[in-house]
Amino acid sequence: VGALGLLLLTQAAGAAMSGGFNRLLEAVVRIDVREVEFADGAKRISGGIGSGVIISADGLVLTNAHVASPQAVEIQVTLANLECVSARLVGWDHWTDLALLRIDADEVKRRGLKFAHAEFGDSDALFPGETVYAVGTPYGLTRTVTRGIISNNNRYFEPDRSLNGYETGTFNTWLQTDAAINPGNSGGPLVDESGRVVGINARGYIVSDNLGFAIPASVAQRVIPGLVKAGGIVRSYAGIGFRELQDLERFYSLSANTGVLVGNVDVGSPAAKAGLRAGDVVLTLNGRKVDGRFPEQLPPIQQTIASLPVGSTIRLGVKRGDQVVELSAVTEKLESRVGEEWAFEKWGLTVRKVSRAYARENQLTDETGVVVLGVQPGYPAAEAGLARGDIITKVGNKTITELAQLKALYEAYEARPEPQLVEAQRSRRISLYVIKP
Amino acid sequence: MKLLRRTLLALFLLPLAAAAAAPVADMFNERLKSVVAIEFFIQAETERQPVTVLGTVIDEKGTVILPGAAILPGVAPGQLKDFKVYRPGSTESAPAVYLGQDAFTGWHFVRVDEKSRAGLVPVTHWAAAKTDPAMGEELWGIGLRNKDEDFQAYFMSSRVAVTMKLPQKTVILGSDVAGPGLPAFNAAGELAGIAQTSFGQNFLLFSRNQHGNPIVLVNVEESSVVLLTSEVLPYLGRIPQSVTGRPIAWFGAYGLQPMDPEVAKLLKLENQSGVVVSDIMKSSPADQAGLQERDIVLAIDGQPLPRLKPDRVVVSYFGQEILRHLPGDVVALSVLRGTARVEVKVKLGDEPKLVREADRRYFERLGFTAREFLYNDGIMHRASPGTTDGIMVHFVKPGGAVATAGLRPDDWVREIDGTPIKTYAQAMDLLAAIEADKNRAEFVLLVSHGGETQVLRVKLN
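Residues numbered from 1 in each chain as written. Chains lettered and ligands numbered in written order. Predicted model: local features only at pLDDT ≥ 70, side-chain atom pairs only at ≥ 80, totals over all residues. Heavy atoms only, no water.

Asks: In this structure, what is going on with the interface of chain A and chain B? I would like to understand it.
Replies: Where interface size is quoted, it is often the accessible area lost as the parts come together. Contacts between chain A and chain B engage 34 residues on the former and 30 residues on the latter. Of the roughly 2800 Å² buried between chain A and chain B, counting both surfaces, carbon and sulfur atoms make up 49%. Area buried by chain A at its contact with chain B is led by A:Gln363, A:Arg428 and A:Ile430, which between them contribute 25% of it. For the pair chain A and chain B, the interface holds two salt bridges. Between B:Arg294 and A:Glu423 there is a salt bridge; the shortest N-O distance is 2.8 Å. Counting across the interface, chain A meets chain B through six residue pairs in polar contact (both at pLDDT 80 or more). (Contact = heavy atoms within 4.5 Å. Buried area = accessible area lost by both parts, 1.4 Å probe. Salt bridge = Lys/Arg side-chain N within 4 Å of Asp/Glu carboxyl O. Polar contact = N/O pair within 3.5 Å; in protein donor to acceptor, adjacent residues only side chain to side chain.)

This is the structure we're talking about:
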């Protein structure tokens, strides 16, 4: 009787998982990526493991931008049946931390591989306390399912500018869950009890317990068409950092739920050119009232600007002191601070192009030059005295405005090695160096 | 016979040795009268930091010089309190006053109270060595123990390892020879120089968890670096005319960098030295003289810049050559601009106000010290030259009102409660009013930091 009872119980527990959930498990994949790194003065290949979920019958896989990037040289997807198949990057958007891969259709056909694809659920309908599951590859442990609840369905993150790498934008709030999320879970789905994808797991606090964060499915659904069509999302940029007005209404003589505070304005940005200043309060955006009382309300305002076509004119009704003024700014294309990277192997030097955003952040006069990412000890660049963080502005008598110029100079050097006079800046100090064969 | 000869020889030698130098212990005890330990404290906003340094007496007026590193550059003279002078081995102290720092030598000058000068002997009383000490020559000096050991004097000696120009002539000895700031002598008791702040030495640290971690150790009590007499005696008269150390000559270029020897070779300037000019401040003397960014200065007043090791010493050399002058003096520079040689005459100006001279005020309730915005702050923040907009945050009390709001030292406050700050006085009025208003629950600051501007809301009470 005892054995029978146990058997029945097991069956009952198994039956509790819905058919939809089991289908979802068939759609979750492990992703192994080998990518190029330009960190220490050399081009190196490093490997990483992440997770993903197949979202279409023709093999589109949704994952994180930090799992698979354009630096990837090899992407392998492990299907639910443990078969490996290669994939390529279709689209990439580090601002939402999402990427889209496509499984090699020929290989699938040739090998007769089978997989399921997942359905999206309504992430806007999630409520705190709702049961969710995370599926993925934590620490390489393929096909791990963890269970938790939605801890918060509207988590706001401050823009983080301290990271050296690609920015994540503040165009959306995040889902927070206590379902265990560990390194390697990145890119895997957060699903409801019927197996519908409500989020893409992306972050966790390493030294905490059960504080994991996912990108809402609604954000993914908004981004996916652009990734399929154009490989990326074009956004408008005005250069405004918004802050919540909470508790400051009285100071600015405003009634509650009116306007949003301008916390900072990027130097040289469209908003700066339009005359917007930190400390201003934006009351209207293109004639519509703005309400930025709480931090959670800021992402939609950023998204409103970002979703405009590049070159749009935005009209801002601005309260400054006792005055209300109308300012208008023409948006630019949103660009990353991370420029193109390259390795000059014989010099033992890796560099990244100074981008407009990087120049603004670091108060450089313009976008001239390349930033030294690293030098290899004992190689000519290191011997000359160049170091990480230096900005190379001139080689010989050529000002470096494009990475291509440096590549051309390097090719000439390779053909005929001769000492090169290099001008570089380190925290605005100009020094001269010689790179010698 | 053999024994006799040896005795004779010894007898013959003995009087000679006595004529050359007294026993070293006697010389040591005499020369102790030229050294003191000086105690003072630095009064900061919420705490005071006691400091003990060593100094050498230089004249009959009880003037004492201290190494430049004895006091950090940002500390205002007004914060230096309660100077006390201790003789070696004594528990009694005499009061002293701070006279200021000389810009050229970097020395700080302190003067002992008139009533307590008896028994002090200027170091110039002892004959100066006529020649620079040779390699391998033995020098000796004085070290002083800490206060809890009554600044007990002790003897140190070592041999000269190398002579360098840094840019002043300096000898480095095989081991420590004197307390930093105290004199060193040769075997004849002649003044060889004054020990400087010791250099860092590289060590590897081995512990249970770390295997050969490189660290740099600096001995703060003893030094093996001695600035030679020829670099000391001519400048003992540079006692500051005011506690600010003014007048100080101003050149007006920032970020001078040494020209690398490889670069010199490539530019066909073999065996020449130079400094690269990175940044010229608008309307500064260098700017008015027409000096340009990327110019390479090769000579000053007809003297080619010397090749010194390490390379960066040439920058100190150039700086000192400027500071040797007074405001209003003209220096002639030979400059390489692109491929052309250019002569530039710079009429030196007056150094803009330094941090240590800036007006500042601590607001206890708000929890920070505001200081006036200086010319040099304008350079750091790329503001237009001469701007007085805003105030600088000099100190933030940990856990205080503004600290909680996110204000940090070196933030540039542009607006207070929405009012743009045009002058320091205006800012002081606004902050004093907020500080005094016990009903104020909050106020708002507009703050720039590293090119980014932010609104900070400060909650009071």
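Additional details are given in the paragraphs that follow.
Asks: Is there a simple way to explain the pairing of strand β8 (residues 153-165) of chain B in this structure?
Replies: When a strand is regular, its side chains alternate between the sheet's two faces. Residue and element names in this part refer to chain B. Where strand β7 (residues 138-144) meets β8, seven bridges bridge the pair, whose relative direction is antiparallel. Across the sheet, Leu 139 pairs through a bridge with Ser 158, a residue of β8. Hairpin geometry of β8 and strand β9 (residues 169-173) is characterised by an intervening segment of three residues between the two adjacent antiparallel strands. (Pairing = 2+ DSSP bridges. Helix = DSSP H or I, 4+ residues; strand = E, 2+ residues; numbered from the N terminus.)

Asks: Honestly, unusual backbone geometry in this entry has me stumped. Any pointers?
Replies: Both trends apply: most residues other than glycine have a negative phi, and most peptide bonds are in trans. All names here are of chain B. Across the junction of Arg 246 and Pro 247, the peptide omega takes the value 0 degrees, indicating a cis bond. Relative to the elements of secondary structure, Pro 247 occurs in the loop between β14 (225-228) and β15 (249-250). With an omega dihedral of -10 degrees, the bond running from Lys 309 to Pro 310 counts as a cis peptide bond. Relative to the helices and strands, Pro 310 is located in the loop between β21 (303-304) and α5 (313-323). We note that Asp 301 has phi near 50 degrees; this positive angle belongs to a residue other than glycine. Inspection of the secondary structure puts Asp 301 in the loop between β20 (296-300) and β21. Asp 301 sits in the partly exposed class, given a relative accessible area of 38%. (Buried < 20%, exposed > 50% of the residue type's maximum accessible area, 1.4 Å probe, protein only.)

Asks: Would you mind going over the side chain of A:Thr331 with me for this structure?
Replies: Residues and elements named next belong to chain A. Its location among the elements puts Thr 331 in the loop between β19 (323-330) and β20 (332-333). Take Thr 331: its relative accessible area is 4%, and that puts it in the buried class. Among the polar contacts made by the side chain of Thr 331, one reaches the side chain of Ser 236 at a distance of 2.7 Å. Residues contacting Thr 331, with those up to four places away along its chain left out, are Ser 236, Tyr 237, Pro 270, Pro 309, Val 310, Gly 311, Ser 312 and Ile 314.

Asks: Where do I start with the sheet that holds strand β10 (residues 183-185) of chain B in this structure?
Replies: For sheets, the rule is that strands pair by backbone hydrogen bonds, running either parallel or antiparallel. Residue and element names in this part refer to chain B. The sheet built from six strands closes into a barrel, its strands ordered β7-β8-β9-β14-β11-β10 with antiparallel pairing. Direction aside, the axes of adjacent strands within the sheet are offset by 45 degrees on average. Each of β7, β8 and β10 touches helix α2 (residues 24-31); the most contacted strand, β7, lies at about 50 degrees to it. (Axes fitted to C-alpha atoms, helices over the stretch in contact; angles between N-to-C directions.)

Asks: Looking at this structure, how should I read helix α6 (residues 298-306) of chain A?
Replies: Owing to its 3.6 residues per turn, the α-helix aligns residues three or four sequence positions apart on the same side. All names here are of chain A. Most of α6 sits inside the fold, with seven of its nine residues counted as buried. Taken together, the buried positions of α6 are occupied by Leu 298, Pro 299, Ile 301, Gln 302, Gln 303, Ile 305 and Ala 306. Contact partners of the buried residues in α6: α4 (217-230), β13 (236-237), β14 (240-243), β15 (260-265), β16 (281-285) and β18 (313-320).

Asks: Whenever I open this one, the nonpolar core confuses me. Can you help?
Replies: Nonpolar side chains in soluble globular proteins tend to end up buried together. Formed by 44 residues in total, the largest nonpolar core has its most connected members in A:Leu24, A:Ile31, A:Val53, A:Leu62 and A:Val77. At five residues, the largest contribution of residues to this core is made by α4(A). Apart from residues no more than four positions distant in its own chain, A:Leu24 is found in contact with A:Val53, A:Ala118, A:Val135, A:Pro189, A:Val191, A:Gly195 and A:Val197. Within the second largest apolar cluster, 25 residues are counted, among which are B:Val275, B:Val314, B:Val315 and B:Leu348. (Core = buried A, V, L, I, M, F, W, Y, C linked by side-chain atoms within 4.5 Å.)

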